[in-house]
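Here is what each chain is made of, one letter per residue.
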Amino acid sequence: MMKRQLLKGNEALCRAALDAGCSCFFGYPITPQNQVPEYLSQLMPEHGRVFLQAESEVAAINMVYGAAATGVRVMTSSSSPGISLKQEGISYIAGAELPAVIINVMRGGPGLGNIAPAQSDYFQSTRGGGHGDYRTMVLAPASVQEMYDLTRDAFDLADKYRNPVVILADAILGQMMEPMTITREPQPVPPPSPWGARGTKTGKRTIINSLYIVPTDLEATNKRLQEKYAQMAREELRWEVQGPADAELTFVAYGNSARVCQTALRVLDERGIRANLFRPITLYPFPYEPLARFAEGKKLLLTVEMSTGQMVEDVRLALEGRCPVRFYGRTGGVVPTPDEVAEAMEQAARELSTADERVS
Amino acid sequence: MMTSEQAPMKKVFERTQGLCDIRQHYCPGCSHGLIHRLVAEVLDELGVLEQTVGVCPVGCAVFAYDYFNCDMIQASHGRAPAVATGVKRAYPEAVVFTYQGDGDLASIGMAEIVHAAARGERFTTIFINNAVYGMTGGQMAPTTLLGQSTTTSRKGRDQQRAGYPIRVAEMLATLDGAVYIARQTVNSPKAMMAAKRAITTAFRAQLDGLGFSLVEILSSCPTWWGRAPKEAMDWVDEGMKSNYPLGVILDRTAK
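Within any chain, residue numbers begin from 1 and follow the written order of that chain's sequence. The order in which chains are written sets their letters, starting at A; the order in which ligands are written sets their numbers, starting at 1. Side-chain atom pairs in this predicted model are given and counted only at pLDDT of 80 or more, local residue features only at pLDDT of at least 70, and totals for whole chains, interfaces and linings cover all residues.

J.: What's the story with the interface of chain B and chain A in this structure? I'm lost.
T.: Residues are treated as contacting if the C-beta atoms built from their backbones sit within 7 Å of each other. At the junction of the two partners, chain B supplies 27 residues and chain A supplies 34 residues. Residue assignment for the side of chain B that touches chain A shows that the elements contributing at least two residues are strand S1 (52–56), strand S2 (71–74), helix H2 (80–90) and helix H4 (110–119) of chain B. Put simply, DSSP H or I for four residues or longer makes a helix, DSSP E for two residues or longer makes a strand, and each gets a number counted from the N terminus. Counting residues per element, the side of chain B that touches chain A draws most heavily on H2 of chain B, which supplies eight residues. When residues are grouped by polarity, Ala, Val, Leu, Ile, Met, Phe, Trp, Tyr, Cys and Pro land in nonpolar, Asp, Glu, Lys and Arg in charged, and all others, Gly among them, in polar. When grouped by side-chain class, the residues that make up the side of chain B that touches chain A number 15 nonpolar, seven polar and five charged.

See the structure below:
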């Protein structure tokens, strides 16, 4: 407690799972998240918890479904192609309203892509990902500290909403080491949730199910899910602003891209250009209104992502045309440098003022 | 005529506590109802109904969660063994079973059942083999027999195009994690007794913590076999048994 320590991002989230009272982990090897199952294969049994290496990501997520159905805290971890395989199971978990924490240490795609850091699973994560009318809550850490803190929170949020929560990290956040401090007491394994399937001797017969054969029943269920998501949007929005809030040039970026933008702010500052950073931490629900308020009076928002432009669509939805939104991205596992991101901001600002001159 | 001297009626038979008092949706002559009852009776007689968590499949038995009078989880197609693994690992005190058809278990879910058996997961699988996809409309299953006509093999299953039927029980019996594997049927009172004994042994193996157990049950599908209920029951003997012999295929439960 309160001791500063040096940890890898992947290790930090393992510690967080243990400290959150996670009872079970089910996973399958895939780069760049292999430290998670490797570390948990030791850590979990040492603490009397369950670790199981599944035969596939498909099996792993269904083991998560089964364990979650008994009312315990459970987690799985994977990387982009493996997360694609889990989507059917995630849809069932959301449909049956079970809590679960799902880690995605993103890598380059599509297809087998590569094992380098990327942010190209934003759409998949924030739009549900699998079939049907559902969403997962998505938290985007930008430091090893947040890999720990947000994973701790993810278990509480999953339980609060009985909904899957995704930690959307990337290969850099998983692999890099940073000092971090555990500021919260580790939590013992909580008693199983009262709605869990643990036999009728509990005094009730429990059915865990996502099948509603009568359309109006499924519609009512989907509406209930939507109410849950609306509550998330009211109560759980998280974001952070860095740099002078009154600067008129704003980066919008999450996760590792936000870290790059943070350094780019210093590069721009050295050149006498004032700018700031709006960093969404909850990607679903997305902080639409906070971003819209923050953007009032801004000249330009530049969204920076390690993708060909996915979150930028939410930024445009937030702004509804009230402020110019530009995009700068690198893809395929390429990480932008602070210098090129600073240059992209300068260039976008230049183009905008040239366009303004042409208009006037 | 009632008189005061008549003794009160004696109850000689009642529904097993393992089944809910609800109308089942199965077709006339289908074996699912019989097999549900056997499983329910065994759970009841072993006194474990209140600690049981069942996992039902996608297929004709998808609504089994409404029929078994215990906690139930509905799994995605083929994944019941993975779901059951999650349940049993998270809550080892539970008695866990999966109830799966041949499309669910032997086709889309083959990986999950093989690995659950190889790990020696301490749950019991009731495997319903009727050699056809029932729920979706009578398509060819991995257990469809050569020459058997289905809606995706109208002229009969042809091994040149569709390969050969899979003997699941024999295949799983090669795995060291499995402790009891049997194949039975329910097309006569005698067969039902044998099937019930096998189901009992399978659950006992789980209760003793020995490993994975499975009972494959040759089952009738009058609707998609195009046979009357009685003929369908007969065809289990005439058409299926030669390819799927009955009996105990693996038994490591002996003390």
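On we go from here.
J.: Hey, could you run me through the packing of helix H1 (residues 9–19) of chain A against helix H6 (residues 144–161) of chain A in this one?
T.: The relative placement of two packed helices comes down to the angle between their axes together with the axis-to-axis distance. All names here are of chain A. H6 packs onto H1 with a crossing angle of 25° between their chain directions and a minimal axis gap of 8 Å. The orientation of H1 relative to H6 falls into the category roughly parallel. Seen along the crossing, H1 lies across H6 with a hand that is right-handed. On the side of H1, the interface is formed by Gly-9, Ala-12, Leu-13, Arg-15, Ala-16, Ala-17 and Asp-19, while H6 contributes Val-144, Met-147, Tyr-148, Thr-151 and Arg-152. Tallied by class, the residues present in the contact of H1 with H6 amount to seven nonpolar, two polar and three charged. To get an axis, fit a line to the C-alpha atoms, keeping to the stretch in contact for a helix; angles then go from 0 to 180 degrees between the N-to-C directions. Angles below 35 degrees are treated as roughly parallel, those above 145 as roughly antiparallel, those between 65 and 115 as roughly perpendicular, and all remaining angles as oblique. In a left-handed crossing the near helix is turned counterclockwise from the far helix by less than a right angle, and in a right-handed crossing that turn is clockwise.

J.: Would you mind showing me how to read the domain arrangement of chain A here?
T.: The extent of an interface is frequently quoted as the accessible surface area lost upon association of the parts. All names here are of chain A. Note that domain bounds follow an automatic or database assignment of domains. Considered domain by domain, chain A is made up of domain 1 (4–235) and domain 2 (240–359). Computed over C-alpha atoms, the centres of domain 1 and domain 2 are 29 Å apart. Taken together, the contact pairs 28 residues of domain 1 with 23 residues of domain 2. Elements supplying a minimum of two residues to the side of domain 1 that touches domain 2: helix H5 (122–126), strand S6 (137–139), strand S7 (164–170), helix H7 (171–175) and helix H8 (215–235). The dominant element in the side of domain 1 that touches domain 2, judged by the number of residues it contributes, is H5, at four residues. The residue makeup of the side of domain 1 that touches domain 2, split by class, is 18 nonpolar, seven polar and three charged.

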